[in-house]
Amino acid sequence: MKKKMIILIAVIMIILIAGSYSVFTTSSASSIGVAMLKSSSVYLNENKLEISTLHYNNTIYVPLIDICNVFSLEIKYEKGKYINLIPSGNKKKITSKKHALRGNNKTVGIYNNDVSIRFEGINSYLESIKYNSTIFVPLVYFAEEYNRNVEWDQHAGVIKIQDNLQKHIGMVNSEFLTEQELNYFYIPSIKMLENIKYTDNNNKKIDLELKRKEAINIIVERKIINQKLKEYNLKLNSGDAAAFNSKLDEIVKLNKGINAIRDVASEYSSTFSQMARVFKEDFMRDKFKELLFTDIKITDEQISKYYQENPNISLRPKRVRIKQIMLKNAYNEDGSVDISAKDEKKKKIEGILKQIESGEDFNIVMEKNTEDPNYTKHPEGYIIDYNSTTDKLGKAAFSLNVGQISEVVESFSGLHILKLEEIIPEEKLSVNEASAYIRRRLENTEIEKRWNELLEKWKDDSEIVIK
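Just so it is clear, the model here is predicted, and its values are computed rather than measured.

According to the stated counting rule, one finds 14 aromatic pairs in the structure shown. Both rings, one in F119 and one in Y146, keep their centres 5.7 Å apart while their planes meet at 80°; by these two values the pair is edge-to-face. Taken together, the residues F119 in strand β9 (residues 116-119) and Y146 in the loop between α3 (139-144) and β13 (148-153) connect sequence positions 27 residues apart. Of note, R118 hangs over the ring of Y82, and the distance from its end group to the ring centre comes to 3.5 Å. Above the plane of the ring of Y141 lies R262, whose end atom (NZ or CZ) is 3.7 Å from the centre.

Here it is in structure tokens:
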């Protein structure tokens, strides 16, 4: 039950942010709009800042170099493509003009910035722009990374960046648990109850309290795990960051871009930055498990026993072999699909389908037109197992007869035309053929068992106080 709940929350949390002030809604920097430098008074808590503001498409932008000075961040350049922002631990101001952090005002106009910004190695998806050759970033989304709220009094011309003070709901080993941490998991879970028609309010109160206890248990465990990560001095290395950023990119693309995520997620009272932190914690937890349990070894005897006791595990399910013509989606800088480019590709692939339907050879048309990046690695097509029917491509493939051509199928990665080449029936695997899968399954089972035992011990050894 607990595992199912966490998985559901993870799915819901793909769309997270609280947009307290709708005036900060962002727009693509390539769209038409009027940009105005304004002399707004900007305050960090009660301290006035010497910082200019740029108002563009209903969004407040500030110079990257200035806001980094405000938050004591060091700016590092990686491979000429990324700007990585790292806490510097001192108040020394950044004065470098390298890479047009602050321009010379000779070039006038708004430009898309081609340099991506990362916070401590993690993608931020900030839609930075250049104005008069100076890099500007959206203030509200920059501030949320450091748990700050931004308020704008348009009439007074005052912008306030304030600490997001949170109510403490308890402690774990002298470290506070906050209401914000709780709500990240609690709010999605109680929304699951909205479709239930209660005839007794007491039953609803019981369910709400149960959901709250479950959410508290989750944040207590996460707090303890994070404390252990610090104790073991485990951090993201460059390889980890690349793998994690790849996962974040996939989430953003699946949800039609960062702006779509932020627009939809306001009801969950959280932020994209918080979502990224939670996913990063999950990533580090899995790495922690691997390091803790490297001694787990599964013997051939265990594999053989499992094979004998689980006859269904040795069945390879029905599979199909398909070929495809694929036209890839084009993406905007924020990760959203380029709609105009997609419309053009849809017209093109519909024309390709008509060519095939009129009798042209599928293989020849595929070779001329496909944009499948793995086409040369799979000249005879792809093998898809029955579990793939959960996605659009799998469902389309399993609905075809041998030699049949599909209609245009849309996936998150592009547009496809499929041809079914072969149906591979279910078959019995030998113990040797099934051994790799069984070994992984047994290893994962043992890792989870020992992890849960260790986590319970850590909880027993911790001082936990809940208000």
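After presenting the structure, the write-up continues.
This part is about empty space enclosed by the protein. Under the counting rule described, the total for this entry stands at 2 cavities of 30 Å³ or more. Taken as a whole, the largest cavity encloses approximately 50 Å³ of empty space. In this structure, the largest cavity is lined by K323, Q324, M366, D372, Y375, H378, P379, G381 and Y382. Residue classes in the lining of the largest cavity are distributed as 4 nonpolar, 3 polar and 2 charged. Approximately 40 Å³ is the volume found for the second largest cavity. Taken together, L327, K328, N329, A330, A341, K342, K345, G414 and L415 make up the full set of residues lining the second largest cavity.

To continue, consider the confidence of the model for the protein. Considering every residue of the protein, the mean pLDDT works out to 83; 84% of them sit at 70 or more. Across the protein, the secondary-structure element scoring lowest on mean pLDDT is helix α1 (residues 2-12), at 41, and the one scoring highest is strand β15 (residues 168-172), at 96.

One ladder, built from 6 bridges, connects β13 with strand β14 (residues 158-163); its direction is antiparallel. Residue E151 lies in a different strand from β14, and its bridge partner there is K160. Between β13 and β14, which pair antiparallel in sequence order, lie 4 residues; one of them, G157, sits at a positive phi of approximately 70°.

Criteria and cut-off values
- Along each chain, residues carry numbers from 1 onward, in the same order as the chain's sequence is written.
- Side-chain atom pairs in this predicted model are given and counted only at pLDDT of 80 or more, local residue features only at pLDDT of at least 70, and totals for whole chains, interfaces and linings cover all residues.
- Neither water nor hydrogens contribute to the side-chain values; these are computed over all heavy atoms in the structure.
- To pair, rings of Phe, Tyr and Trp, with the six-membered ring standing in for Trp, must have centres within 6.5 Å; the planes then decide the type, stacked if under 30 degrees apart, edge-to-face if over 60, and tilted in the middle.
- Only DSSP runs of H or I reaching four residues or more are called helices, and only runs of E reaching two or more are called strands; each is numbered from the N terminus.
- Counted as over-ring charges are cases with an Arg CZ or a Lys NZ within 6 Å of the ring centre that also lie within 35 degrees of the ring normal.
- The definitions used throughout rest on a 1 Å grid laid over the protein atoms alone, on which a cavity is an enclosed set of points accommodating a 1.4 Å probe that cannot get out and a pocket is an open set flanked by protein within 12 Å on both sides along at least five of seven lines; lining residues are those having an atom within 4 Å of a point.
- Grid points are joined across faces, edges and corners, and a volume is the space filled by probe spheres set on the points.
- Under the scheme applied here, ten amino acids are nonpolar (Ala, Val, Leu, Ile, Met, Phe, Trp, Tyr, Cys and Pro), four are charged (Asp, Glu, Lys and Arg), and all others, including Gly, are polar.
- Each residue gets a pLDDT score, which is the predictor's confidence in that residue and runs from 0 to 100.
- Paired strands, as defined in this entry, are two strands with at least two bridges between them according to DSSP.

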